[in-house]
Amino acid sequence: HVDPRVPFETVDALERGVRAAGYVEIDAVFGTPEGPRVLTARCPRLELAPRREIPPDAELELELWLRYEGITVAGFGARIAPGCTTTTSTDEPTIARRGPGYDLDALRVCLRRIKNERQFAAERSVRVFADRRIPWGQVATVVVAVQRDAVGPLFSDALFCTSQ
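Criteria and thresholds
Residues numbered from 1 in each chain as written. Predicted model: local features only at pLDDT ≥ 70, side-chain atom pairs only at ≥ 80, totals over all residues. Heavy atoms only, no water. Helix = DSSP H or I, 4+ residues; strand = E, 2+ residues; numbered from the N terminus. Contact = heavy atoms within 4.5 Å. Pairing = 2+ DSSP bridges. Right-handed = clockwise from strand over helix to strand, strands pointing away. Phe/Tyr/Trp six-rings, centres within 6.5 Å; stacked < 30°, edge-to-face > 60°. Lys NZ or Arg CZ within 6 Å of the ring centre and 35° of its normal. pLDDT = per-residue confidence, 0-100. Disulfide = S-S within 2.5 Å. Expected span 1.5 Å × (residues − 1). Buried < 20%, exposed > 50% of the residue type's maximum accessible area, 1.4 Å probe, protein only. Salt bridge = Lys/Arg side-chain N within 4 Å of Asp/Glu carboxyl O. Core = buried A, V, L, I, M, F, W, Y, C linked by side-chain atoms within 4.5 Å. Lys, Arg positive; Asp, Glu negative; His and termini not counted. Polar contact = N/O pair within 3.5 Å; in protein donor to acceptor, adjacent residues only side chain to side chain.

K.L.:
How would you sum up the overall build of the protein? Please name residues and give values.
P.N.:
Broken down by element type, the protein carries 3 helices and 9 strands. Along the chain direction, N to C, the helices and strands of the protein fall in the order α-β-β-β-β-β-β-β-α-β-α-β. Nonlocal contacts in the protein, meaning residues at least 24 apart in sequence, comprise 65% of its contacts between residues at least 6 apart.

Structure (structure tokens):
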């Protein structure tokens, strides 16, 4: 179990140590109102590089980048603009931070818009990256929140990602 107040950099350092020992993933237990959930890390650290054209048969490659200012949603290398209807080249977060945490309802609405696009309806994967100073509990809460909304499943194969 990892205390939700622990900075993500602590989880990141733990995961790097586990990887250095020859393991390829780490599971972390996070308490939710429904009971304990196991979250898995097995992602490489990537940088956002905007791409202009998206082939019609492209996989979404959905990524969420948690920063203090909010959450940036990216798919196929392009950042999603606030409102979740277009892409952007700015650093403005897709979902602005609200109070001490993230606006999970706005995030789910955005992800449902993406999921409702015909070409992405079957997508299940999302990788969640976080600034190392973000508390682990906020990272884990986002990973759990993106898996479903009131309508049904969103991105059920949600992984938190650490640096290499």
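Let's pick the thread back up.
K.L.:
So what's going on with the pairing of strand β8 (residues 125-130)? Which residues, and what values?
P.N.:
When strand β3 (residues 62-67) meets β8, the two strands line up parallel, connected through 5 bridges. Bridging from a neighbouring strand, Leu 62 pairs with Val 126 of β8. The pairing of β8 with strand β9 (residues 157-161) spans 5 bridges and is parallel. Bridged to Arg 127 within β9 is Leu 159. Tracing the backbone out of β8, into helix α3 (residues 136-145) and back to the parallel element β9 gives a crossover that is right-handed.

K.L.:
Can you lay out the packing of aromatic side chains for me, pointing to particular residues and giving the numbers?
P.N.:
What describes a pair of aromatic rings is the distance from one ring centre to the other and the angle between the planes of the rings. Tallied over the entire structure, the rule returns 1 aromatic pair. Here the basic side chain of Arg 97 rests over the ring of Tyr 102, its NZ or CZ set 4.8 Å away from the ring centre. In this structure, Lys 115 is placed above the aromatic ring of Phe 155, and the distance from its NZ or CZ to the ring centre is 5.0 Å.

K.L.:
Describe the confidence of the model for the protein, naming the residues involved and giving the relevant values.
P.N.:
Interpretation of this model should avoid reading the predicted coordinates in detail wherever pLDDT is low. When pLDDT is averaged along the protein, the result is 79, and 69% of the positions lie at 70 or above. The model gives residues 45-52 a pLDDT under 50, and that stretch makes 23 contacts with residues more than four places away or in other chains.

K.L.:
Please provide a residue-by-residue account of the state of the cysteines, values included.
P.N.:
Going through the model one piece at a time under the given rule, you end up with 1 disulfide. Each sulfur of the disulfide joining Cys 84 and Cys 110 lies 2.0 Å from the other. A torsion of -105 degrees about the S-S bond marks the disulfide between Cys 84 and Cys 110 as left-handed. Taken together, the residues Cys 84 in the loop between β5 (78-80) and β6 (87-88) and Cys 110 in helix α2 (residues 104-115) connect sequence positions 26 residues apart.

K.L.:
Can you break down α2 residue by residue, with the values?
P.N.:
Taking 1.5 Å per residue as the helical rise, α2 with its 12 residues ought to reach 16 Å, and the 16 Å between its terminal C-alpha atoms agrees with that figure. Of the residues making up α2, those classed as buried are Leu 104, Leu 107, Cys 110, Leu 111, Arg 112, Ile 114 and Lys 115. On its buried face, α2 is in contact with β3, β4 (70-75), β7 (95-96) and α3.

K.L.:
Run through the pattern of salt bridges, naming residues and quoting values.
P.N.:
Throughout the structure, instances matching the rule amount to 7 salt bridges. Between Arg 112 and Asp 149 there is a salt bridge, with its nearest N and O atoms 2.8 Å apart. Residue Arg 112 is located in helix α2, and its partner Asp 149 is located in the loop between α3 and β9; the two are separated by 37 residues in the primary sequence. Given a relative accessible area of 14%, Asp 149 falls into the buried group.

K.L.:
With reference to specific residues and values, describe the nonpolar core.
P.N.:
Counting 32 residues, the largest nonpolar core has Leu 64, Val 73, Leu 107, Leu 111 and Val 142 as its most contacted members. Every element with two or more residues in this core is listed here: β3, β4, α2, β8, α3 and β9. By residue number, the principal contributor to this core is α3, which donates 6 residues. In this structure, Leu 64 is in contact with Ile 71, Thr 72, Val 73, Leu 107, Leu 111, Val 126, Arg 127, Val 128, Phe 129, Val 142 and Val 146, ignoring residues within four places of it in sequence.

K.L.:
How would you explain the side chain of Lys 115 if you had to name every residue and give the values?
P.N.:
On the secondary structure map, Lys 115 appears in helix α2. Although Lys 115 lies buried, it forms no salt bridge, and the closest oppositely charged side chain, Glu 123, sits 7.4 Å away as judged by the N-O distance. Only 3.2 Å separates the side chain of Lys 115 from the backbone oxygen of Ala 121, close enough to count as a polar contact. Polar side-chain contacts of Lys 115 include one of 2.2 Å to the backbone oxygen of Glu 123.

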